[in-house]
Amino acid sequence: MLDRVEIRENADRQCGDDEHDCVADDLLTQQIVSVVLPSPGLGYDTPLSRAMTDYQLAFKPAIGLYGQHDPSAVLFDDGTPVFGVEEERYTREKHATDTFPEHAIRACLDHRNLTLSDLDRIFLPYEPQLRGKIASHYVSDAIRAPGVGRKLSALEETLVTQVRSRFVPTRQIENRLESIGSPVPPVETISHHRCHAASAFHPSGFDEGVVLTLDAKGEYDSTVVWRGDEDGLTRAYTYEHPNSLGLFFAVVTEYLGYRMFNGEGKVMGLAPYGEDNPEIESVLRDLIDTGTDYDVTDLTKRWGTGHGVEILEGEFGRPRNETPGDFDQWEKDLAHTAQKLLEETVVDIAETAVDQLNTANVALAGGVALNCKLNKCVRESPHVDDVFVQPVANDAGLALGAGWAGQPPSAVDRQTDVYLGPEYETEEIRSTLETHAAR
Ligand SMILES: [Fe+2]
């Protein structure tokens, strides 16, 4: 029986780099294997049981080639998550942007009194080499930077990033891990959307289903339609960056005065206070196409939201709102309309996928799947039988998916809660509340 390293190497031989993640992961799904179970009666904290147990750590770094926000870590014991936490819970900085999850990693290790050398493997939820698929987009984005100096700087950064992605994709992460302990166990990278998809399908309890991963951007992909079944996940359709529903909603979020990747839930909450507004809807429909063949790139073709906000300011003849939380009826109507077009698009993608992939279960993940009003619309579609949403649908949930992605879905228990984090005694909670005079 092949072990994971052999499987990965065989996959590398069987495919070009562009197909690296799909073929390798398919092989992993089909052939992965066995774990050595601890002997009954042995405690997990003894050196003997530790040596006989297959521990893996999955984490979302949020530095360098591995995204910018929501770092987290999850410890797996024989493929089952036993502890997981977001870095922001320790740093107390929301989303812990541009942060390596050292606290979360150390908490995972401490949970079972482990060191890095006790781990069988580390999983990262990005496949940096896949960035090369849209290298031309990164270059053209850099060329558009204002001024010669910034243009050259952006081009240099883009080139360096492409080289690092291709030739030393995990070096920065391994360097950071060495400050926690050594030797660093083998590090395996798995594509971003595959991890989102596994985080939704594997714990869904579905025998088969459509999986929608709805995001701002993975390595090159923004929305992916998958088919999940007992053999694992098969990518059915990809909407490449910058055709991104996450960025579309982020542009509206910034235009209404909130921060992207942070205030989207507030825009969703504002939407019910608005009404249908034909003028707003007409302008937005001229800017974007909705439905299965959606196209939002007029607003999202440059990374970030600045370009899209400028377009909205020009088209609507209104500046960006500078007083978030203080909205007039027009702004409420805009939130209502943006939410309406998002729902219209995702429901159409879901219904089309249900019909084409011949399964009526739908699992959802990716940051856009935090939009619970949208999820309700999918659930209420007459084409859909059942829906499962990964509770940690945003990037913090990637660590869960990275740990599950190599397992057969049937090996993963149905997820019924998210209580994987630190525990506190009642007295400890009471004492902390009294110390801070909280009532
Ligand atoms: Fe993501």
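Residues numbered from 1 in each chain as written. Predicted model: local features only at pLDDT ≥ 70, side-chain atom pairs only at ≥ 80, totals over all residues.

## Describing the overall build of the protein chain
Phase 1 of the analysis: Scanning the protein chain from N- to C-terminus turns up 18 helices and ten strands.
Phase 2 of the analysis: Considering only intrachain contacts with a sequence separation of at least 6, the fraction spanning at least 24 residues in the protein chain is 70%. (Helix = DSSP H or I, 4+ residues; strand = E, 2+ residues; numbered from the N terminus. Contact = placed C-beta atoms within 7 Å.)

## Quick notes on the sheet that holds strand S2 (residues 72–77)
Phase 1 of the analysis: One open sheet accounts for five strands, arranged S3-S2-S1-S4-S5; its pairing is mixed. Here the strands that pair on one side only, and so sit at the sheet edges, are strand S3 (80–86) and strand S5 (187–189). Neighbour-to-neighbour, the strand axes of the sheet open up by a mean angle of 20°, direction not taken into account.
Phase 2 of the analysis: With three bridges joining them, strand S1 (residues 55–60) and strand S4 (residues 121–124) adopt parallel strand pairing. From the neighbouring strand, Gln-56 faces S4, where its bridge partner is Arg-121. (Pairing = 2+ DSSP bridges. Axes fitted to C-alpha atoms, helices over the stretch in contact; angles between N-to-C directions.)

## A few points about the pairing of S2
Phase 1 of the analysis: Taking burial as the measure, the six residues of S2 include five buried ones, the bulk of the element.
Phase 2 of the analysis: Note that S1 and S2 share six bridges and pair antiparallel. Across the sheet, residue Phe-59 finds its bridge partner in S2, namely Ala-73.
Phase 3 of the analysis: Note: S2 against S3, six bridges, orientation antiparallel. When the bridges of S3 are listed, Phe-76 appears paired with Pro-81.
Phase 4 of the analysis: Adjacent in sequence and paired antiparallel, S2 and S3 are bridged by two residues, among which Asp-78 carries a positive phi angle near 55°. (Buried ≥ 20, exposed ≤ 12 C-beta atoms within 10 Å, placed from the backbone.)

## A closer look at helix H9 (residues 192–201)
Phase 1 of the analysis: Within H9, ten of the ten residues are buried, leaving the element largely enclosed by the surrounding structure.
Phase 2 of the analysis: Every buried residue of H9 is listed here: His-192, His-193, Arg-194, Cys-195, His-196, Ala-197, Ala-198, Ser-199, Ala-200 and Phe-201.

## Comments concerning unusual backbone geometry
It is generally the case that most residues other than glycine have a negative phi and that most peptide bonds are trans.
Phase 1 of the analysis: With an omega of 0°, the peptide bond running from Ser-182 to Pro-183 counts as cis.
Phase 2 of the analysis: Considering the arrangement of structural elements, one finds Pro-183 in the loop between helix H8 (171–178) and S5.
Phase 3 of the analysis: Despite not being glycine, Phe-261 shows a phi value in the positive range, around 60°.
Phase 4 of the analysis: By the element assignment, Phe-261 lies in the loop between helix H10 (245–255) and helix H11 (264–270).
Phase 5 of the analysis: A positive phi angle, near 60°, is found at Asn-358, a position not held by glycine.

## Some details on the packing of helix H6 (residues 135–143) against helix H7 (residues 148–167)
Phase 1 of the analysis: Running from amino to carboxyl end, H6 crosses H7 at an angle of 160°, the nearest separation of the two axes being 8 Å. Judged by the angle between their axes, H6 and H7 are roughly antiparallel. Viewed along their axes, H6 and H7 form a crossing whose handedness is right-handed. Only Lys-151, Ala-154, Leu-155, Thr-158 and Gln-162 of H7 make contact with H6, whose side of the interface consists of Ala-135, Tyr-138, Val-139, Ala-142 and Ile-143.
Phase 2 of the analysis: Looking at the contact of H6 with H7 residue by residue, the class counts come to seven nonpolar, two polar and one charged. (Parallel < 35°, antiparallel > 145°, perpendicular 65-115°, else oblique. Left-handed = near helix turned anticlockwise from the far one by under 90°. Nonpolar A, V, L, I, M, F, W, Y, C, P; charged D, E, K, R; others polar.)

## Let's talk about the packing of helix H15 (residues 329–357) against helix H16 (residues 372–380)
Phase 1 of the analysis: Axis separation between H15 and H16 bottoms out at 9 Å; the angle between their running directions is 40°. On the basis of their axis angle, the class for H15 and H16 is oblique. For the crossing formed where H15 meets H16, the hand is right-handed. Contact residues: H15 offers Gln-339, Leu-342, Glu-343, Val-346, Val-347 and Ala-350, while H16 offers Lys-373, Leu-374, Cys-377 and Val-378.
Phase 2 of the analysis: Among the residues forming the contact of H15 with H16, the class breakdown is seven nonpolar, one polar and two charged.

## Remarks on the environment of Thr-115
Phase 1 of the analysis: You can see Thr-115 is positioned in the loop between helix H5 (102–111) and S4.
Phase 2 of the analysis: Judged by the 12 C-beta atoms lying within 10 Å of it, Thr-115 falls in the exposed class.
Phase 3 of the analysis: Along the backbone, Thr-115 and Val-184 are 69 residues apart, and their C-alpha atoms lie at a distance of 9.7 Å.

## Comments concerning H16
Phase 1 of the analysis: Burial in H16 covers these residues: Leu-374, Asn-375 and Val-378. Each buried residue of H16 lies within a common arc of 100° when the element is viewed along its axis, so the set occupies one face. Along H16, exposed side chains directed more than 90 degrees from the buried face belong to Lys-376 and Glu-380. (Arc of directions from axis to C-beta.)

## Comments concerning the sheet that holds strand S8 (residues 232–240)
Phase 1 of the analysis: Taken together, the five strands give an open sheet; going across it, the order is S8-S7-S6-S9-S10, and neighbouring strands pair in mixed fashion. Only two strands of the sheet have a single partner each, and these edge strands are S8 and strand S10 (386–389). For this sheet, the mean inter-axis angle between neighbouring strands, taken without regard to orientation, is 20°.
Phase 2 of the analysis: Taken strand by strand, H15 contacts strand S6 (209–214), strand S7 (221–229), S8 and strand S9 (361–365), and its axis lies near 150° from that of S6.

## A look at the nonpolar core
Phase 1 of the analysis: In terms of nonpolar packing, the biggest core is built from 101 residues, with Cys-108, Val-267, Ala-350, Val-362 and Leu-364 touching the most fellow members.
Phase 2 of the analysis: Counting residues per element, this core draws most heavily on H15, at twelve residues.
Phase 3 of the analysis: For Cys-108, the residues in contact, after removing those within four places along its chain, are Leu-57, Ala-73, Val-74, Leu-75 and Phe-83. (Core = buried A, V, L, I, M, F, W, Y, C linked by C-beta atoms within 7 Å.)

## Notes on the pairing of S8
Phase 1 of the analysis: With eight bridges connecting them, S7 and S8 associate as antiparallel partners. In the sheet register, Arg-227 faces S8, and the bridge partner there is Thr-234.
Phase 2 of the analysis: Where S7 folds back onto S8 in an antiparallel hairpin, the turn is made up of two residues.

## Here we look at the environment of Leu-287
Phase 1 of the analysis: Mapped onto the fold, Leu-287 is located in helix H12 (residues 278–287).
Phase 2 of the analysis: Not counting chain neighbours up to four residues away, the residues in contact with Leu-287 comprise Asp-298, Leu-299, Ile-311 and Glu-315.

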